[in-house]
Amino acid sequence: MTADPKGVLTGVHFLDGDHAACEGALAAGCRFVSGYPITPSTEVVERFAQRIPMVGGVFIQMEDELAASITMLGAVWGGKKVMTVTSGPGLSLMMEHLGLAYITEAPCVFIDVQRGGPSTGLPTLPAQADMMQVKWGSHGDYEIIALVPDSPQECFDLTIKAFNLAEQWRVPVFLMMDEVVGHMTERVVIPEASAIEITERRWTKKAPGEYRPFDACADGVPAMAKAGDGHRIHVTGLTHDERGWPALTPKSQDKLIRRLTNKIRDNADALADIREDQCEGADVIVVSYGITSRVASSAVLQARAQGLKVGHARLVVAWPFPTTRIAYLATQCRAMVVPELNLGQMVHEVSRAVAGKVPVRLVDHAGGTVHDPKVILDCILGAAR
Amino acid sequence: MASTGIRIGGLGGQGVILSGIILGKAASIFDGKNATLIQAFGPEARGSACSAQVTIADAPVAYPYVQNPDVLVVMSSDAYTQFIPTLKADGLLLYEEELVTPKDLPPGVKAYGIPATRIAEELGRRLVLNIVMVGFFAGVTGVVSLVAAEKALLSSVPKGTESLNLNAFRRGYEHGRSLVGAA
């Protein structure tokens, strides 16, 4: 189906990433946001609060991030497409409800506009240091999807994609922005509603007596019941059976947790989205994501101007990590360079995929601004020798 | 491929960021170029140092920051002192001449001043000094076209203030044109 025109601000705009992400959510059909505003993500909820009365929906400013994330999950079962928005300190508090969202298969979108951490860190300055937290920060085995925009246009486009993936797989989907992308303003083209593909919630076609809320379809994803249609559901954070009732045995644990993780693991290759630029035949391949990819592309151009064969692979989907493709790229080059605004996070995934085939060099940065392109260039030059 | 890096500096409340938005919007929406705006401001809403960095280019902008601007626009003395060392050796300085005294100007730099606050006061509202500066920028540099700048301006200011802002823009524009000797 295509987007509801009520939420689509068709036109050519000059927007920052935060505002563009909000418009992406509205275009995707998000009609409920509970949030606790925090720099540098505040503009997302500020705009949503301003726009939603005209579109038809609800914004609630909660008393803290725990309340924001649990309220969002309530609205899922009430039938809405939902989102919450935060930054590092709030994300840490939301980890409990990330696990609950995952085990209850609540389709939802978390936007994290990353700033320098740990703790309150650098409120107004960028980092990319929550990349591992979203994958490993909640307890137990779980899988999420994380998308990483590098421009306001992608903040719009990928927020729509995040909602669509959340509905398709019934997992929490993260939009991993950073302060620079969030506050950077550029042209954003919002198409006609009829040109925006939207994934509808997977509603059950079964009659109330026959429906079991966690009985998965062939792709491992169960259908949901519309509140008020007469279906009986039970939703719990405990390990549960197909009826949703607690089933606290090793056997039911194995069945449930494998099904949940395999929804994503078995589809990791299909979910991968890597934008490759001159990677075939390159001596050095730079692997980057988010704002750092734009800084890196500046360094890549300078290296090519010096006659080097340098490829650039930009991760648009960071989780699930595109292991297969990165492993393949490692057979095509002599070295890989991974710049990121942290002291080494996604580089571990790159190294795992590369499995020692070629050297992997990290260009780290503690955050607060972006890399100087020259530092990335120097690493490329060193790797090419 | 042409690319112009612009740094606009002043105090919170002067409309520094809005000036950057109007220039970026003019270039990227109405002139068919690419523009990226980065903003920096302190925790205070008013009175703290505030600056915008705008890159206007024919090709898409990769690195979004302006390390060494081609054009520096300053509306406060502090902004001048802070950013003049970053201006390119043959760069262009545009300054609010009653708020900024360009001391120790590097020899290759061309500098043009305008009494933007006084002009804004003559028009009835000191608030539009940033729009005078935007007009001045367009008049001196030609980096954004007159038509695009006026369209961007009118789509960025509150309803009911269009003619005030347009007058402010045109006063700045004409002042700029006269200084560079254009007809």
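What counts as what
Residues numbered from 1 in each chain as written. Chains lettered and ligands numbered in written order. Predicted model: local features only at pLDDT ≥ 70, side-chain atom pairs only at ≥ 80, totals over all residues. Heavy atoms only, no water. Axes fitted to C-alpha atoms, helices over the stretch in contact; angles between N-to-C directions. Helix = DSSP H or I, 4+ residues; strand = E, 2+ residues; numbered from the N terminus. Left-handed = near helix turned anticlockwise from the far one by under 90°. Contact = heavy atoms within 4.5 Å. Nonpolar A, V, L, I, M, F, W, Y, C, P; charged D, E, K, R; others polar. Core = buried A, V, L, I, M, F, W, Y, C linked by side-chain atoms within 4.5 Å. Buried < 20%, exposed > 50% of the residue type's maximum accessible area, 1.4 Å probe, protein only. Domains from an automatic or database assignment.

Engineer: Explain the packing of helix α11 (residues 323-330) of chain A against helix α12 (residues 346-354) of chain A to me, using residue names and the numbers behind them.
Structural biologist: Residues and elements named next belong to chain A. Two elements in contact, α11 and α12, have axes whose closest approach is 8 Å; the angle formed by their N-to-C orientations is 65 degrees. Seen from above, α11 lies across α12 with right-handed handedness. When α11 is examined against α12, the residues Thr323, Ile326, Ala327 and Ala330 are found in contact with a partner set consisting of Val350, Arg352, Ala353 and Val354. The residue makeup of the contact of α11 with α12, split by class, is six nonpolar, one polar and one charged.

Engineer: Kindly report on the nonpolar core, identifying the contributing residues and their values.
Structural biologist: Judged by nonpolar contacts, the single largest core of 131 residues is most densely connected at A:Met83, A:Ile111, A:Ile326, A:Met336 and A:Ile380. Among the elements that make up this core, the one with the highest residue count is helix α6 (residues 152-169) of chain A (nine residues). Looking at this core, you find at least three residues from each of domain 1 (5-195) and domain 2 (275-384) of chain A. Apart from the residues lying within four places of it in its own chain, the contact partners of A:Ile111 are A:Ala21, A:Val44, A:Met83, A:Thr84, A:Val85, A:Thr86, A:Leu175 and A:Met177. In terms of nonpolar packing, the next biggest core, distinct from the first, is built from 47 residues, B:Val16, B:Ile56, B:Ala168 and B:Tyr173 among them.

Engineer: How would you explain the side chain of A:Ser138 if you had to name every residue and give the values?
Structural biologist: By the element assignment, A:Ser138 lies in the loop between α5 (131-136) and β7 (145-147). Apart from the residues lying within four places of it in its own chain, the contact partners of A:Ser138 are A:Met95, A:Glu96, A:Leu98 and A:Gly99.

Engineer: Run through unusual backbone geometry, naming residues and quoting values.
Structural biologist: All names here are of chain A. Each neighbour pair has its own omega, and for Gly117 with Pro118 the value is 0 degrees, a cis peptide bond. As for its position among the elements, Pro118 is in the loop between β5 (108-116) and β6 (122-126). Located in the positive-phi region is Arg170, a residue other than glycine, with phi close to 50 degrees. Looking at the element boundaries, Arg170 is found in the loop between α6 and β8 (172-178).

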